[in-house]
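Descriptive analysis of the structure
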Amino acid sequence: MRINSSAFLFFVFFCSLGNSQTVALKIIVKTSSKDSAPNTTVQLYSLPDTVLVQSQVSVHDTTSFSVNGFSHYLIKASAIGFETKQKDIVLADSPVLLSFQLNNTNSILKGVTIVSKKKLLQQEDDKTIVDAEALANSSTNAYEVLEKTPGAVVDQDGNVYLNSTTPASIYINGREMKMSADDIASLLKSLPAGSVSKIEILRTPSAKYDAANGGGIVNVVLKKGIRIGSTGGVNVRLDQGVYNTVSAGFNVNSSAGKINSWLSYQYTDRNYYEEIHSSRIINKDTLLEQISSTTYSPVTHYVGGGLDMAVNKKFNIGYDIRLTANRNSSFANSSNLFRDLNTQNNYLQSITPISNQGNSLFIANTISSKYKIDSLGSEWTNEINYTYSNNNNLQLYTNNYLLPSSPSLYGDGNIHTSGDMVNFKSDGTLKLKYQFVLETGIKLSYAANKNQALYYTQKGNDPKQLDAYQTNTFKYKESINAAYVQLSRSIYGFVLKSGLRYENTNITGNQFVPTDTSFSINRNDLFPYIYLKRYLFKIFGYPLTGNAIYRRSITRPSYDALNPSPKFVDPFTYDAGNSKLRPQFTTNYELNATYNDFPVFAIGVNDTKDIFSRVTYQDDVTKTVYRTYDNLGKNKEIYGRLFGGLPAGHKYFMYAGVQYNYIQYRGSYQQLPLNYNRGSWTFFTGHELKVTPTLRFNVNAWMYVNGFRAFNELKNMGQLNASITKTLLKKKLSIILSGNDILKTNKSTFHLQQGNVLATGTRVQDSRRVGITLRYNFGITHKEEKKPVFNQQPVEPGESN
């Protein structure tokens, strides 16, 4: 077991959480006529986390509390027939007397409609919550919603970056998708944009979450049923770029007594292209020019559904299933030309058409339960889920040699990949005395993957023979078991949270064909976490809050990164994993600030050891490039982020932000010292204008300056998106016109100089698209049960009816 000095900080912190000095807080409540207010409810909340500490009903006009000194509180006073008043106060170490004056409400409540304005961005401790509704209006699928999420950068391979050059882990409904970036991107592209409820961004996840998220976590939360009678909607979308996309679907929600159910279906026929131009120097005197153009035509069927039952007021159970079936089809044409740089003569030219036809199936099942232990917010949740994936692909290619003329080489391969994943997790939250909050839980996970590839080649009219290089069988098993404990408390005006997570990792990989490259990993690790939060001061009446975070994380090589099986890209390029990869460990330090729960500032350091990265190796004899992974040494990354905007809820809302990353690599590459430094900028912004209650304009954009991805240095690139939404028929019908990558600037121009590899090129996708969406919502709401006004209880912050 590996334990470093960071774990000591965890225990020191817990020892420091002793009882603080208490002081007396007396509340006097009067009416505007200076009389006592009868049956006044006085509630005391701790700030800045707004947790209900105490609640009393005052028969007379005085209420007393015993509270912690050097703390920040919010006090609310309410009574029937009077307006609710609230005040916040910062206590020192001496008693305080506070008075309230309640005014009579002169109007009679008949029918009241309360409209809650959603914030596009909201910070909850170490989690940023992004409302996906505005982003979904101009998107065709969940992947495009993620692309437009403020502060997230999605590269052309589907990797998502938050505050480092390590990709973030992608979760769907709180469950990590242990799949390659390409597979996750395909899955998200199969989900309708309207199915996304919100995006949760955890740049520095606590001990409650898996430690294997050095780049942070992006959790895509999908919509479930809505507990308001029977509702639903239908949608259809037409999207046009160079090629077109058609999508249509429906969703139905039903609530009957204690049972809530939902069902959704979406059909998508996507057509798009990608084109790559590259030039690579070989042996200093040879230039290889390649042009690869690929068209994709996948057809997707997505079905989601589930049941949710309230057994009683405290206990809730649920089941949901999500199924995605794809018919995949692509056709590529690769042109390869070799030129002697000394004579400028071409001496080898080939054209390779490549066809891929296949199908894939993804099924996720989840059974969950939630038990409310008390009225303070203590709860116990359990979840077990099983995920199945299956992928079959037939690849055909022909290497046509034009210069010098030579018989063509035909190749065909059948690739089958399957995976099973089972997770069980149990989490408990206890609200204890003296404002302590205890979180603890366990997680057991098991994943098994199998990859089989059978390739044949035929040269000219020669007999077909087995391709021993590409034919392979690889099995992979992963078992990760974890337990954590986390304790938090408000003390002297601070919110302190500290946690420790233990993880046992057991991974085995076996390649049986063509050679045995078996490996195994069995290790135990501890991951400490410390979070400090404090209210600082007010600006224009809104609170500014500071946060400090320390955490340690691990990045384990994925199945694809470890799988040594080569994958044919073109005659001179193969992708392969590295079964000898070691996990990397990252220590993160961050200071950030939020303004009225809106993230505005952050600065931090990621210190990584044994970092592994995508690398490119070149065989100068065969002129073939192998794209794989390798451990390179150490990496230190310094980042800073600024964010600002105008609050939502008005006619005009906007946000804008900038992030700077500076990386330093120190290690070795191809037995040579590696010293590499680079700084990059990311800019992003979004705007919304409500012209009328039924007409809305949205614009969002991002720009990546001096970028860096796996040692590919990128020139400036970005994307501008816009949409117009018009609602009709009492807002039941929505017509949305949208444009993505309007200026066609989402083009990657790269430069790679790594060891003996020197390459430049461009990569363009079918990203400039215009679309129209028609969405009609229908619903039959149940009649609300009438209750006496005097039986209604106050609603605590964070709760909803």
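Just so it is clear, the model here is predicted, and its values are computed rather than measured.

What counts as what
Residues numbered from 1 in each chain as written. Predicted model: local features only at pLDDT ≥ 70, side-chain atom pairs only at ≥ 80, totals over all residues. Heavy atoms only, no water. Helix = DSSP H or I, 4+ residues; strand = E, 2+ residues; numbered from the N terminus. Buried < 20%, exposed > 50% of the residue type's maximum accessible area, 1.4 Å probe, protein only. Contact = heavy atoms within 4.5 Å. Areas by Shrake-Rupley, 256 points an atom, 1.4 Å probe, with all protein chains shown as cover. Polar contact = N/O pair within 3.5 Å; in protein donor to acceptor, adjacent residues only side chain to side chain. Pairing = 2+ DSSP bridges. Salt bridge = Lys/Arg side-chain N within 4 Å of Asp/Glu carboxyl O. Core = buried A, V, L, I, M, F, W, Y, C linked by side-chain atoms within 4.5 Å. Phe/Tyr/Trp six-rings, centres within 6.5 Å; stacked < 30°, edge-to-face > 60°. Patch = residues over 30% accessible without salt bridge, like charges linked within 9 Å, V, L, I, M, F, W, Y side chains within 5 Å. pLDDT = per-residue confidence, 0-100.

1. Regarding the overall build of the protein
Each helix and strand counted, the protein has five helices and 46 strands in total. Taken across its 801 residues, the protein has 49% of its residues classed as buried. Residue pairs in contact within the protein that sit at least 24 positions apart in sequence constitute 64% of those at least 6 positions apart. Summed over its atoms, the accessible surface of the protein is roughly 37700 Å², and 57% of this surface lies on carbon and sulfur atoms.

2. Description of unusual backbone geometry
Following Leu-403, the chain continues into Pro-404 via a peptide bond in cis, with omega recorded as -15°. The topology assignment puts Pro-404 in the loop between strand S24 (379–403) and strand S25 (406–431). With a phi angle near 65°, Gln-435 is a residue other than glycine that sits in the positive phi range. By the element assignment, Gln-435 lies in the loop between S25 and strand S26 (437–459). The phi torsion at Asp-610 lies on the positive side, around 60°, for a residue other than glycine. Tracing the backbone through its elements, the reader meets Asp-610 in strand S35 (residues 598–619).

3. Remarks on the environment of Asn-312
With respect to the element layout, Asn-312 can be found in the loop between strand S21 (299–310) and strand S22 (315–340). For Asn-312, a relative accessible area of 41% corresponds to the partly exposed category. Sequence spacing of Asn-312 and Lys-258 is 54 residues, and the spatial spacing of their C-alpha atoms is 8.3 Å. A polar contact is formed between the side chain of Asn-312 and the backbone nitrogen of Phe-315, at a distance of 2.7 Å.

4. Quick notes on the sheet that holds strand S9 (residues 127–131)
What the six strands build is an open sheet, ordered S8-S9-S14-S15-S12-S13; its pairing is mixed. Either end of the sheet is taken by a strand with one partner, and the two such strands are strand S8 (121–124) and strand S13 (175–176). Note that strand S12 (residues 169–172) and strand S15 (residues 217–222) share four bridges and pair parallel. When the bridges of S15 are listed, Ile-172 appears paired with Val-220.

5. Points about the pairing of strand S28 (residues 472–491)
Counting buried positions along S28 yields 14 of 20 residues, so the element is predominantly enclosed. In this sheet, S28 lies alongside S26 in antiparallel orientation, the contact comprising 17 bridges. In the strand pairing of S28, Ile-442 is matched with Ala-483. Here S28 pairs with strand S29 (residues 494–513) via 19 bridges, running antiparallel. Among the inter-strand pairings, Phe-474 is bridged to a residue of S29, identified as Gln-511. From the end of S28 to the start of S29, which pair antiparallel, there are two residues, and Tyr-492 there has a positive phi angle of about 55°.

6. Details of the pattern of salt bridges
In total, this model carries 21 salt bridges according to the counting rule given. In this structure, Arg-237 and Asp-239 form a salt bridge, with 3.1 Å as the shortest nitrogen-oxygen distance. The class for Arg-237 is buried, based on a relative accessible area of 6%. Owing to a relative accessible area of 2%, Asp-239 belongs among the buried residues under this scheme. Arg-582 serves as the salt-bridge partner of Asp-610, at 2.9 Å between the closest nitrogen and oxygen. On the criterion of sequence distance, the pair formed by Asp-610 in strand S35 and Arg-582 in the loop between strand S33 (573–575) and strand S34 (584–595) is long-range, its members being 28 residues apart. If you follow the salt bridges from partner to partner, you end up with Asp-210, Lys-443, Arg-501, Glu-503 and Arg-556 in one network.

7. Regarding the nonpolar core
Counting 45 residues, the largest nonpolar core has Val-145, Ile-172, Leu-188, Val-196, Ile-199 and Val-218 as the members making the most contacts within it. Counting 18 residues, the second-largest nonpolar core is a separate cluster that includes Val-29, Ala-79, Phe-82 and Leu-102.

8. Describing the environment of Asn-461
With respect to the element layout, Asn-461 can be found in the loop between S26 and strand S27 (465–466). Under the relative-accessibility criterion, Asn-461 is labelled exposed at 80%.

9. Let's talk about the pairing of strand S32 (residues 567–570)
Here S32 runs beside S33; their pairing, made up of three bridges, is antiparallel. When the sheet's bridge partners are listed, Lys-567 is paired in S33 with Asp-575. The hairpin turn running from S32 into S33, its antiparallel successor, is two residues long.

10. Digging into the packing of aromatic side chains
For the coordinates displayed, the defined rule picks out 24 aromatic pairs. Taken together, a centroid distance of 6.2 Å and an interplanar angle of 40° make the contact between Phe-250 and Tyr-265 tilted. Highlighted residues: Phe-250 in strand S17 (residues 244–256) and Tyr-265 in strand S18 (residues 259–269), separated in sequence by 15 residues. Measuring from centroid to centroid gives 4.9 Å for Phe-338 and Phe-572, while their planes differ by 70°, and the two rings are edge-to-face.

11. Considerations on the environment of Glu-383
Within the element layout of this structure, Glu-383 appears in strand S24. Considered as a pair, Glu-383 and Asp-427 are 44 residues apart in the sequence and their alpha carbons are 8.9 Å apart. Beyond its immediate stretch of four places on either side in the chain, Glu-383 contacts Arg-175, Thr-366, Ile-367, Ser-368, Asn-423, Phe-424 and Lys-425.

12. Details of the side chain of Asp-239
Within the secondary structure layout, Asp-239 lies in strand S16 (residues 230–240). For Asp-239, the side chain forms a polar contact with the side chain of Arg-237, separated by 3.1 Å.

13. Thoughts on a nonpolar patch on the surface
Taken together, the side chains of Val-236, Leu-238, Val-246, Leu-646, Tyr-652, Leu-689, Val-691, Phe-697, Ile-724, Leu-737, Ile-772 and Leu-774 define a hydrophobic patch exposed on the protein surface, amounting to about 910 Å² of accessible area. For the nonpolar patch, the secondary-structure elements that each account for two or more residues are S16, strand S38 (672–692) and strand S46 (769–780). Tracing the backbone shows Leu-646 in strand S36 (residues 624–646). Classification of Leu-646 as partly exposed rests on a relative accessible area of 40%.

14. Considering the confidence of the model for the protein
Looking at the protein, pLDDT values average 83 and 88% of them are 70 or higher. The low-confidence segment residues 5–20 (pLDDT under 50) makes 28 contacts with residues lying over four places distant or belonging to another chain. For the stretch residues 781–801, pLDDT sits under 50, and the model shows 14 contacts to residues farther than four places along the chain or on other chains.

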